[in-house]
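The chain contents come next:
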Amino acid sequence: MEIIIQPNPQAATDIATRLIARLLKEKPDAVLGLATGSTPLRLYRSLIAMQLDWRRVRTFNLDEYLGLAPDHPQSYHHFMWENLFRHINILPENVQIPDGLAADVPGFCADYEARIRAAGGIDLQVLGIGSDGHIGFNEPTSSLASRTRIKTLTQRTREDNARFFACAEEVPTHVITMGIGTIMEARTNLLLAFGEHKAQAVAGAVEGAVSAMNPASALQFHRDTRLMLDEAAAGGLQRAEYYRWVYANKPKWQQV
Ligand code: GLP
């Protein structure tokens, strides 16, 4: 894991933006895995401002609420179109987001996995992290080998996400999410985390034992995972000084 600690969320986002911009220049038909939530909003704004060429880029989103239609204001479909896709020149047929209204959920999930494989796999997956360590919607105790499937949200996640809904009861109870096994196959994972409320989950993911109780800790087994943190999210890390030193002293050829 590479741990990059920056003074504020924008500085951490700028590094993630540069990495994605470089990938799209080197590989114009790259396959990106995308995330929702408040954390990647700055990233999407920065990418829009760069006016990159998205015509050949393919995207797969991590997750979607079951029961919400694509045009529901709280659906992740709506989130992605509002906050990124409608501002760039991506082709709608190259955008894949789990279908919250899928009639045959297991069939849909198997097909989603097949579509990721057919696209050649995910080059770079953007991740946030839940306050309980979830990635995508893989809640604690998710199998570390899981694939795209239905999951039941914990009460904590429903409460965390209630701010986007009129009340906590309106937050759906079930979702479709890529599995941890799916995320582990992305060639690069970029996990962004900002704010003190993420510090415990981040510390567990980076310095704790690998455990399904902190799903992000599975990334310790991933070959190319980079965490972009602000100071507050890095607040629980015991080896923060070492990570800072490593980043400040990277050989020139490794710098982004
Ligand atoms: C949701 C999403 C996750 C996201 C998490 C954190 O549960 N499914 O992908 O990482 O929220 O959200 P936020 O970035 O708003 O803190």
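Note: the structure precedes this text.
As the structure is a computational prediction, the values presented were derived from the model and not from experiment.

Participant: Help me understand the packing of aromatic side chains, please; the structure alone is not making it clear to me.
Facilitator: Aromatic ring pairs: the centre-centre distance and the angle between the two ring planes describe each pair. Taken as a whole and judged by the stated rule, the model has eight aromatic pairs. Ring centres 5.6 Å apart and planes at 85° place the aromatic pair Tyr65 and Phe165 in the edge-to-face group. You can see Tyr65 sitting in strand E4 (residues 63–65) and its partner Phe165 sitting in the loop between helix H5 (155–161) and strand E8 (174–177), a full 100 residues away along the chain. Tyr65 sits in the buried class, given a relative accessible area of 1%. Counting every residue linked through ring pairs, the aromatic cluster contains Tyr65, Tyr76, Phe137 and Phe165.

Participant: It is not clear to me how the packing of helix H1 (residues 9–26) against helix H2 (residues 41–50) should be interpreted in this structure. Could you clarify?
Facilitator: Packed helix pairs are specified by the crossing angle of their axes together with the interaxial distance, meaning the distance between the axes. Running from amino to carboxyl end, H1 crosses H2 at an angle of 50°, the nearest separation of the two axes being 9 Å. By the angle between their axes, H1 is oblique relative to H2. As H1 runs across H2, the sense of the crossing is right-handed. Contacts between H1 and H2 involve Pro9, Gln10, Thr13, Asp14, Ala16, Thr17, Ile20 and Ala21 on the former and, on the latter, Arg42, Leu43, Ser46, Leu47 and Met50. Split by residue class, the contact of H1 with H2 holds seven nonpolar, four polar and two charged.

Participant: Could you clarify how one ought to interpret H2 in this entry?
Facilitator: Three- or four-residue spacings in an α-helix give side chains the same orientation, since the helix completes a turn every 3.6 residues. Three or more residues of H2 are buried, namely Leu43, Tyr44, Ser46 and Leu47. Around the axis of H2, the buried residues are gathered within 165° of arc, so they sit on the same side. Facing away from the buried surface of H2 by more than 90 degrees, the exposed residues are Arg45 and Ala49. Buried-residue contacts for H2 involve H1, strand E2 (31–34), helix H3 (76–83), strand E6 (124–127) and strand E9 (188–193). Gln51 sits one or two positions beyond H2 and adopts a positive phi of about 50°.

Participant: It is not clear to me how the side chain of His77 should be interpreted in this structure. Could you clarify?
Facilitator: Note on placement: His77 falls in helix H3. At a separation of 2.9 Å, a polar atom in the side chain of His77 contacts the side chain of Glu64. Contacts of His77, omitting those with residues within four sequence positions, involve Glu64, Pro70, Ile97, Pro98 and Asp99.

Participant: What's the story with the sheet that holds E4 in this structure? I'm lost.
Facilitator: Strands in a sheet are paired, the pairing made by backbone hydrogen bonds, and the direction either parallel or antiparallel. One open sheet accounts for three strands, arranged E4-E8-E7; its pairing is antiparallel. Strand pairing shows two members of the sheet lacking a second neighbour, E4 and strand E7 (149–152), which therefore form its edges. When strand polarity is set aside, the average angle formed by the axes of neighbouring strands in this sheet is 30°. Bridge count between E4 and E8: three bridges; the pairing is antiparallel. Within the sheet, the bridge partner assigned to Asp63 lies in E8 and is Thr177.

Participant: What is the right way to look at the environment of Gly208 in this model?
Facilitator: Relative to the assigned elements, Gly208 resides in the loop between helix H7 (199–207) and strand E10 (225–230). Gly208 sits in the partly exposed class, given a relative accessible area of 27%. The spatial distance from the C-alpha of Gly208 to the C-alpha of Leu237 is 9.9 Å, given a sequence separation of 29 residues.

Participant: Would you explain the environment of Arg149 in this entry?
Facilitator: Within the secondary structure layout, Arg149 lies in strand E7. Spatially, the C-alpha atoms of Arg149 and Cys109 are 5.6 Å apart, while their sequence positions differ by 40 residues. Dropping the residues within four chain positions of it, Arg149 is found in contact with Cys109, Asn138, Ser142, Val175, Ile176, Thr177, Met178 and Gly179. A polar contact is formed between the side chain of Arg149 and the side chain of Asn138, at a distance of 2.9 Å.

Participant: Is there a simple way to think about the site of the ligand in this case?
Facilitator: Neighbouring residues of the ligand: 13 residues in total, closest Ser38, Thr39, Asp63, His134 and Lys198. Take Gly136: an N or O atom from its main chain is 3.2 Å from a nitrogen atom of the ligand. At 3.5 Å, a side-chain N or O of Asn161 approaches an oxygen atom of the ligand. Protein burial of the ligand: of its 390 Å² of free accessible surface, 96% is covered by the chains. Taken together, the residues of the shell around the ligand sort by class into three nonpolar, seven polar and three charged.

The rules behind these values
- Residues numbered from 1 in each chain as written.
- Predicted model: local features only at pLDDT ≥ 70, side-chain atom pairs only at ≥ 80, totals over all residues.
- Heavy atoms only, no water.
- Phe/Tyr/Trp six-rings, centres within 6.5 Å; stacked < 30°, edge-to-face > 60°.
- Helix = DSSP H or I, 4+ residues; strand = E, 2+ residues; numbered from the N terminus.
- Buried < 20%, exposed > 50% of the residue type's maximum accessible area, 1.4 Å probe, protein only.
- Axes fitted to C-alpha atoms, helices over the stretch in contact; angles between N-to-C directions.
- Parallel < 35°, antiparallel > 145°, perpendicular 65-115°, else oblique.
- Left-handed = near helix turned anticlockwise from the far one by under 90°.
- Contact = heavy atoms within 4.5 Å.
- Nonpolar A, V, L, I, M, F, W, Y, C, P; charged D, E, K, R; others polar.
- Arc of directions from axis to C-beta.
- Polar contact = N/O pair within 3.5 Å; in protein donor to acceptor, adjacent residues only side chain to side chain.
- Pairing = 2+ DSSP bridges.
- Near = heavy atom within 4 Å.
- Areas by Shrake-Rupley, 256 points an atom, 1.4 Å probe, with all protein chains shown as cover.

Geometric descriptors of this kind do not, in isolation, establish any biological role.
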